[in-house]
Amino acid sequence: MAAPLAPGGFEFAIDRGGTFTDVFARCPGGRVRVLKLLSEDPAYRDAPTEGIRRVLQEELGVPLPRDQPLDASGIRWIRMGTTVATNALLQRRGERAALAVTRGFRHLLHIGTQARPQLFDLEVAMPEVLYEEVIEVDERLIPEQPDCHLPGRVAGVTLLVQRPLDVARLREDLERVLARGIRSLAVLLLHSYAWPGHEQQVGALAQSLGFAQVSLSSAVAGMARAVPRGLTACADAYLSPGVRRYLRGFCQGFRHGLRGVQVLFMRSDGGLTPMDTFGGARAILSGPAAGVVGYARTTFDPQDGTPVIGFDMGGTSTDVSRYAGEFEHVFEATTAGVAIQSPQLHISTVAAGGGSRLFFRSGLYVVGPESAGAHPGPACYRKGGPLTVTDANLVLGRLLPEFFPRIFGPGEDQPLCRDTAAAALSVEEVALGFIRVANEAMCRPIRALTEARGHEAARHVLACFGGAGGQHACAIARTLGMARVFIHRHSGLLSALGLALADAVQEEQEPCALPYGPGAFPRLEERLRELERRCRDGLRAQGFEPEQIRTEPFLHLRYEGTDCALMVSARGHPAHPGSCAAGDFLAAFTARYRQEFGFTMPGRAVLVDDLRVRGTGSTEPVPETPLGPRGHPPRPETVTRCYFEGGYRDTPVFLLGELGSDHVLSPGVPPGCVATVTRFGDINIAVGAGPAAARDTRLEPVRLSVFSHRFMSIAEQMGRALQRSAVSTNIKERLDFSCALFGPDGGLVSNAPHIPVHLGAMQEAVQFQIRNLGPELREGDVILSNHPRAGGSHLPDLTVITPVFWPGQPRPVFFVASRGHHADVGGCSPGSMPPHSQSLAQEGATFVSFKLVTNGEFQEQAVTEALLAPGAVPGCSGTRNLRDNLADLRAQVAANQKGIGLVRELIEQHGLEVVQAYMGHVQANAELAVRDTLRAVAARWGTSLAAEDTMDDGTPIRLRVVPPPSPQGSAVFDFGGTGPEVLGNCNTPRAITLSALIYCLRCLVGHDIPLNQGCLAPVQVRIPPGSILDPSPEAAVVGGNVLTSQRVVDVVLRAFGACAASQGCMNNVTFGSARGGYYETVAGGAGAGPGWAGRSGVHTHMTNTRITDPEILELRYPVVLRRFELRAGSGGAGRHRGGDGVIRELQFREPTQLSVLSERRATRPYGMAGGLPGAPGLNLLLRRDGRLINLGGKSSVSVEPGVSQNPKITPKTALKPPQTHPKNCPETAPKLPQKLP
């Protein structure tokens, strides 16, 4: 029952973590007991049961044998959080499962968004899918506008049954899977979020045949977007059986299976749910969610409203989150490589914890992401483990071995060993240096959670919990400008306490597709009332009284034409005559949008994607017993020598249980901080300013690592600001942009690329402006440029450059720049990606040194005229999307302004001379890393390296590395012999060739280094003027950026023998009309290497853009996606196979202009070391009269809507991108999209 907490029985809150299980128990009479024990121990079967047994035995005073079930009659409730599901997902130890998916999409979840997780890893390592068998279901629903008569359809969405469900064939396939011993099934049918009828039929049939677990995507995650919904259903099918087994085993530890005891489990959204509804996809963040509830309930003060940052530092990673009076949820997040589409608390994780390993690479201190794990653990565990953050803290005296259990060493009976850690580190300054670098790494996700979303980090309280956080909290707070750190007295088991304080939650959600406005209010209000009724009924069934139940409605809203939806409540925005009766959701949405993104879109319609109601059943809080004053100064248990900035200090050690509410601790905390004990025994630390930053310009390795983090953080925060404030899909969702910081000479300092083709190219753009404008660059000016001779890539990539001035300096002291791909800048075809352009004038508007902002004023009229100017060129048009162009340019200006503020903040903290000195040191460090790599190459080969490949038109790209890399780590990259400029558009600006070279050098280095101009310092690049790699100023270049750049990478990597060729193309597809257009790049296969097979269906090398989800594509554009799957066998054979390409088939629903810009249609991606080449790509158009036409690699054609319901004769285009090739494996040519007119 859900009665108020009272002293009539035992109440247990238990957090079962990966290493330890924490127990918070309230005993009859109100006494609180806490307990920590190992989650896995041969002495007992289940840690939570063992924790309960120990508490009951000690409190009742009677022996309770481990081999006998416990009597639960004295237990009122049990609340648990568990990592059972998380661990099964991380270790891939879930149930054997199959996937039933709409025919034509068997590989959809393997391809996913087509983006790779690590830009510079030649071996594209991605988690494998969770199912081992696929059943393709013959059925198809497609969106249709009027006159749909399907039962139960979503408001605003009507669907057409293009192909009914083939039950007979499905039965055969299900029986075949059952015969293999698979009893768990995930079901993903396209558009089932809007009408689940087909999925429900599949589920009913599967259960009747004997499947024990059936997870329908429409039931598990009923929101649009097939890929995350399908991955969530797979996770549910994969994890739920194991969770149920654990729950059954837990209940078996008690007499009568815990009948009559309320047992609740924490879900990922921060709410408790009954045991029989707990499992699968909503169990993954169970433990971390409880920690968020814990600090939210104990640290946040509703009276002053100061928001709180949760800082949970564990052994392998650190979780950060934010609470400002209400829980912040996300509705799609990735865990262990699996995108989960369900409500989850917004928790960001960084791979820096107590077990993070310490390295010294090329003069740089590096912390993580590798971890020592529990075994062998840090060096001080006496098991031969590596050096870690824990070892550094031990050397500095911040961990005291005498206060740790003797569980270390081979026999697990020894204390922590300081000598082992000290011998590895040798001196305290080195240890402190690693701690400073680790702290800076942990500051970056906090900045992303606050400043990148419009919140000032300094205006937060830092709530510290977890096993390792106490040694770092004050330093991190000081770095971020926070004035207060709060440490709860139960911070070591705050997740368990959070379970005791949490509410039970019942949520109901359903999709919607209505415009938000008076016409939709009656329908919205009706559905919200129904969802509220379901929530209340569910909570009443758990025993909650009506007065304990609260409900809150939410609408998932977005601006029309955008993909960025926000789940908003109307809290603080009461209803009025012009709003929905549940509240003014429009006002709430616009306020939240302005907070998150810095702007709103007046006049643009707002659409409702989903309706949601969250119901909570509240219990009375666990009462806290106040501490009394001690009446005497605090008495230290001991005094230890602890190393801080400036040297050792005698530092007293206090036991928390011996402190009173009148105690103030100054010597026991870092210098400059003062700790006070609160009336309930918690620790409140006032963080002082700390010692002033040193103004020494000499190279010091620790500061080098810290400045490297700070420079990169500036570029990253600029990128987040741009993504927040942009309106176009290309920038906001596809992430086709990059931001960077440059020195006063225009040399690259740090670059946060989403797209590798932008690497280094912006440096050429900035240096051109310095040469071209010189003294004309003034404070308040912002430059717009995209011309190839000015360091541009291709015309849709608009670069915005802002000089950074400093008082007393006549010239800029830094530059910041942002480059974003605009959907259209005019030219001879929609999307400004014409396949047959022969001159730059046909490709759109050009800007050389255009002052976008002068004296602080945005030059809207002048830039509008320039964007419309291509309309004067015969056969061309001005920009077809002026509104988005202007909005995104303003966003780029704002992102640069964010960068300027961060640069000035850094200069104010350290001084201009120091910041510029370390700019040079960071660049020199990148140079050192590249020299080390080239020296290794020289030692391996010792002779000249050379490679050659050809474009589809026969134009050769030749490279010789001469002389070979020298012992000094230098080399000459000579592209002599490369073919001349071409009449088409595959000409490549010099800046793009340099970008490709930086990308390759970074890949060859093999570990993180600063991406800056230092990478190119050890190399001399020779490109013949007038060649395809350095064409004349007016040559067409649109294909050079997206096609030739990939071929340059293939040639460089071939010369070094690094890997076989990848697809060598970005497979550009554009379609549109006067009403608008769509652009996508399509994945292919990755090349194999000396020890790995190539990944299939992924973007490679110079691009990494995401592809539009099939359901979103069909909802918003006049197409039906017929197939999206791997092109089997196209990767090429070898000891390590090349990755396979893809087949993508589109059917058009209205007349439109289709353009395809691709390569590797005539040449095949090469294999290496005896591996065979991959297959070439193929672009096919099937006309309505049955003609099948090869479009070639570059084509623009008018297509008509397909009218036949027979898929064999429906007009379509098959675009098969070339695939990648392995080392000792042949390559594959990915099949590019198939399009249906």
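Once a new chain begins, its residue numbering starts again from 1 and follows that chain's sequence as written. Where totals are concerned, whole chains, interfaces and linings use all residues; where local detail is concerned, this predicted model gives features only for residues with pLDDT of at least 70, and gives and counts side-chain atom pairs only at 80 or more. The side-chain figures draw on all heavy atoms in the structure; neither hydrogens nor water molecules are used.

Under an unreviewed UniProt entry, the name given to the protein is 5-oxoprolinase, ATP-hydrolysing, and the source organism is Taeniopygia guttata.

A. Representation of the overall build of the protein. For the purposes of this entry, the term helix denotes a DSSP run of H or I that reaches at least four residues, the term strand denotes a run of E that reaches at least two, and both are numbered from the N terminus. What the protein contains, in helices and strands, is 24 helices and 53 strands. Residue exposure (1.4 Å probe, protein chains only): buried if accessible area is under 20% of the type maximum, exposed if over 50%, otherwise partly exposed. Taken over 1237 residues, the protein has a buried fraction of 62%. Computed with the Shrake-Rupley method and a 1.4 Å probe, the accessible areas treat only the protein chains shown as cover for residues. In the structure as shown, the protein presents an accessible area of about 43900 Å², 51% of it carried by carbon and sulfur atoms.

B. Structural view of the nonpolar core. Counting 81 residues, the largest nonpolar core has Phe12, Ile52, Ile75, Ile78, Leu258 and Leu1154 as its most contacted members. Sorting elements by how many residues they give to this core places helix H7 (residues 226-251) first, with 14 residues. Contact definition: two residues touch when any of their heavy atoms are within 4.5 Å. Residues in contact with Leu258, not counting those within four places in the same chain, are Ala72, Ile78, Phe250, Cys251 and Val263. We define a nonpolar core as any set of buried Ala, Val, Leu, Ile, Met, Phe, Trp, Tyr and Cys residues linked to one another through side-chain atoms lying within 4.5 Å. Grouped together as the second largest cluster of nonpolar side chains are 62 residues, Met833, Phe975, Leu997 and Ala1055 included.

C. Focus on the environment of Ala336. Assignment of secondary structure puts Ala336 in the loop between strand S16 (333-335) and strand S17 (338-340). The sequence separation of Ala336 and Thr86 amounts to 250 residues, and the corresponding C-alpha distance is 8.4 Å. Each residue touching Ala336, except ones within four places of it in the same chain, is listed here: Leu89, Leu90, Arg92 and Pro127.

D. The arrangement of empty space enclosed by the protein in detail. Think of a 1 Å grid over the protein atoms and nothing else: a 1.4 Å probe that fits but is trapped marks a cavity, an open set flanked by protein within 12 Å on at least five of seven lines marks a pocket, and residues with an atom within 4 Å of a point count as lining. Grid points are joined across faces, edges and corners, and a volume is the space filled by probe spheres set on the points. Counted by the stated rule, this structure contains six cavities of 30 Å³ or more. Taken together, 15 residues make up the lining of the largest cavity; nearest its centre are Asp736, His821, Asn1041, Val1042 and Met1066. Elements with a minimum of two residues in the lining of the largest cavity: helix H23 (1038-1056) and strand S45 (1076-1081). Looking at which domains feed residues into the lining of the largest cavity, each of domain 5 (691-1058) and domain 6 (1060-1216) supplies at least three. Segmentation of the chain into domains, including their bounds, is taken from an automatic or database domain assignment.

E. How the structure looks around the environment of Val137. For Val137, the position within the fold is in strand S6 (residues 133-137). Overall, the relative accessible area of 1% leaves Val137 in the buried class. As a C-alpha pair, Val137 and Val202 span 65 residues in sequence and 8.9 Å in three-dimensional space. Discounting chain neighbours no more than four positions away, the residues touching Val137 are Ala100, Val101, Thr102, Arg103, Leu165, Leu170 and Leu189.

F. Quick look at the pairing of strand S5 (residues 97-102). Burial analysis of S5 places six of its six residues in the buried class, which makes it a mostly covered element. Bridge count between S5 and S6: five bridges; the pairing is parallel. Note on S6: the bridge partner recorded for Leu99 is Val134. Following DSSP output, two strands are said to pair if at least two bridges run between them.

G. Representation of the packing of aromatic side chains. Stacked, edge-to-face and tilted are the three classes for Phe, Tyr and Trp ring pairs, Trp counted by its six-membered ring, which pair at centre distances within 6.5 Å; planes under 30 degrees apart are stacked, over 60 edge-to-face, the rest tilted. Throughout the structure, instances matching the rule amount to 20 aromatic pairs. A ring pair is formed by Tyr295 and Phe465, whose centres lie 6.0 Å apart and whose planes are at 35°; its orientation type is tilted. Separated by 170 residues along the polypeptide, Tyr295 in helix H8 (residues 286-299) and Phe465 in strand S22 (residues 461-465) bring together distant segments of the chain. Overall, Tyr295 belongs to the buried group, its relative accessible area being 0%. Between Tyr1078 and Tyr1117 the ring centres are 4.7 Å apart and the planes differ by 50°, which places this aromatic pair in the tilted class. Linking Tyr1078 in strand S45 with Tyr1117 in the loop between helix H24 (1110-1116) and strand S46 (1119-1127), this pair joins segments that are 39 residues apart in sequence.

H. Just the pattern of salt bridges, in detail. The term salt bridge refers to a pairing of a side-chain nitrogen on Lys or Arg with a carboxyl oxygen on Asp or Glu at a separation within 4 Å. With the rule as written, the count across this model stands at 63 salt bridges. In this structure, Arg26 engages Glu11 in a salt bridge whose closest nitrogen and oxygen atoms are separated by 3.4 Å. Within this pair, whereas Arg26 is found in strand S2 (residues 20-26), its partner Glu11 is found in strand S1 (residues 10-16), the two being separated by 15 residues in sequence. We classify Arg26 as buried; its relative accessible area is 8%. Taking the shortest distance from any N to any O, the salt bridge between Arg54 and Glu50 comes out at 2.8 Å. Here Glu50 and Arg54 lie together in helix H1 (residues 47-60), a separation of four residues that amounts to about one turn. For Arg54, a relative accessible area of 24% corresponds to the partly exposed category. By relative accessible area, Glu50 is classed as buried at 3%. When salt bridges that share partners are traced, they join Arg96, Glu132, Glu133, Asp173, Arg176 and Arg180 into one network.

I. Fine view of the sheet that holds strand S40 (residues 945-950). Across the sheet, which stays open at both edges, the four strands sit in the order S40-S41-S42-S43 with mixed pairing between neighbours. Each edge of the open sheet is held by one strand with a lone partner, namely S40 and strand S43 (1019-1022). With direction set aside, neighbouring strand axes in the sheet form an average angle of 15°. Relative to S43, strand S42 (residues 971-974) runs parallel, the two sharing four bridges. Bridging from a neighbouring strand, Val972 pairs with Gln1020 of S43. Helix H22 (residues 990-1005) contacts S42 and S43 of the sheet and is inclined by roughly 145° relative to S43. In this analysis, axes come from line fits to C-alpha atoms, helices being fitted only over the stretch in contact, and the angle between any two N-to-C directions falls in the range 0 to 180 degrees. Across the sheet, H23 is in contact with S40, strand S41 (956-961) and S42; its angle to S40 comes to roughly 145°.

J. Main features of the environment of Asn985. Considering the arrangement of structural elements, one finds Asn985 in the loop between S42 and H22. For the pair Asn985 and Leu1043, spaced 58 residues apart in the sequence, the C-alpha separation amounts to 9.6 Å. Not counting residues up to four positions away in its chain, the partners in contact with Asn985 are Pro834, Pro835, His836, Ser837, Glu843, Ala1036, Val1037, Val1038, Gly1039, Gly1040 and Leu1157. N or O atoms within 3.5 Å of each other form a polar contact, as long as, within protein, one can give a hydrogen and the other can take it, and as long as residues adjacent in sequence are counted only when both atoms are side-chain atoms. There is a polar contact of 3.4 Å between the side chain of Asn985 and the backbone oxygen of Pro835.

K. Region of the structure containing the packing of helix H19 (residues 860-868) against helix H20 (residues 882-910). Running from N to C, H19 and H20 cross one another at 130°; their axes reach a closest spacing of 11 Å. Between H19 and H20, the angle is such that the two are oblique. Crossing angle aside, the handedness with which H19 passes H20 is right-handed. Here H19 contributes Glu860, Val863, Thr864 and Leu867 to the contact with H20, which in turn contributes Leu882, Asn885, Leu886, Leu889 and Arg890. Here the angle decides the label: under 35 degrees means roughly parallel, over 145 means roughly antiparallel, 65 to 115 means roughly perpendicular, and every other value means oblique. Take the far helix as your reference; a near helix turned counterclockwise from it by less than a right angle gives a left-handed crossing, and one turned clockwise gives a right-handed crossing.

L. Structural view of the packing of H8 against helix H13 (residues 494-501). The contact between H8 and H13 brings their axes to 7 Å, and the two run at 75°. By the angle between their directions, the pair H8 and H13 is classed as roughly perpendicular. Where H8 approaches H13, its residues Gly287, Ala290, Gly291, Val293, Gly294, Tyr295, Arg297 and Thr298 are matched on the opposing element by Leu494, Ser495, Leu497, Gly498, Leu499 and Leu501.

M. Focus on unusual backbone geometry. Despite not being glycine, Ser832 has its phi angle at roughly 55°, a positive value. Within the secondary structure, Ser832 is located in the loop between strand S37 (814-821) and strand S38 (850-854). By relative accessible area, Ser832 is classed as buried at 0%. In the Ramachandran plot, Arg1160 falls in the positive-phi region, its phi being about 60° despite a non-glycine side chain. Counting through the fold element by element, Arg1160 comes out in the loop between strand S48 (1152-1157) and strand S49 (1178-1182). Its relative accessible area of 0% is what places Arg1160 among the buried residues.

N. Structural view of helix H12 (residues 473-480). Every buried residue of H12 is accounted for by Ala473, Cys474, Ile476, Ala477 and Leu480. The arc that holds the buried residues of H12, viewed along the axis, is 165°, so those residues lie on one side. Contact partners of the buried residues in H12: strand S13 (308-313), helix H11 (428-449), S22, strand S23 (484-487), strand S31 (673-677) and strand S32 (683-687). After H12 finishes, the residue Gly481 shows a positive phi value of roughly 80°. Here, the arc refers to the directions that run from the helix axis to the C-beta atoms.

O. Looking closely at the side chain of Arg1144. Structurally, Arg1144 can be placed in strand S47 (residues 1141-1148). In this structure Arg1144 comes out as buried when scored by relative accessible area, which is 1%. In terms of polar contacts, Arg1144 uses its side chain to reach the side chain of Glu1080, at 2.9 Å.

P. Inspection of the confidence of the model for the protein at higher detail. What pLDDT reports is the predictor's confidence in each residue, on a scale of 0 through 100. Averaged over all residues, the pLDDT of the protein is 84; the fraction at 70 or higher stands at 90%. At the low end of the mean pLDDT range in the protein sits strand S53 (residues 1231-1235), at 30; at the high end sits S5, at 98. pLDDT under 50 marks residues 1-7. Its contacts with residues more than four places away, or in other chains, come to 26 contacts. Scored below 50 in pLDDT, residues 1204-1237 shows 301 contacts in the model against residues more than four places distant or in partner chains.

Q. How the structure looks around the sheet that holds S32. Across the sheet, which stays open at both edges, the eight strands sit in the order S19-S14-S13-S22-S23-S32-S31-S30 with mixed pairing between neighbours. Strands with a single pairing partner mark the edges of an open sheet, and in this sheet they are strand S19 (347-350) and strand S30 (664-665). Contacts from H11 reach S13, strand S14 (318-323), S19 and S22 within the one sheet, and its direction differs from that of S14 by about 30°.

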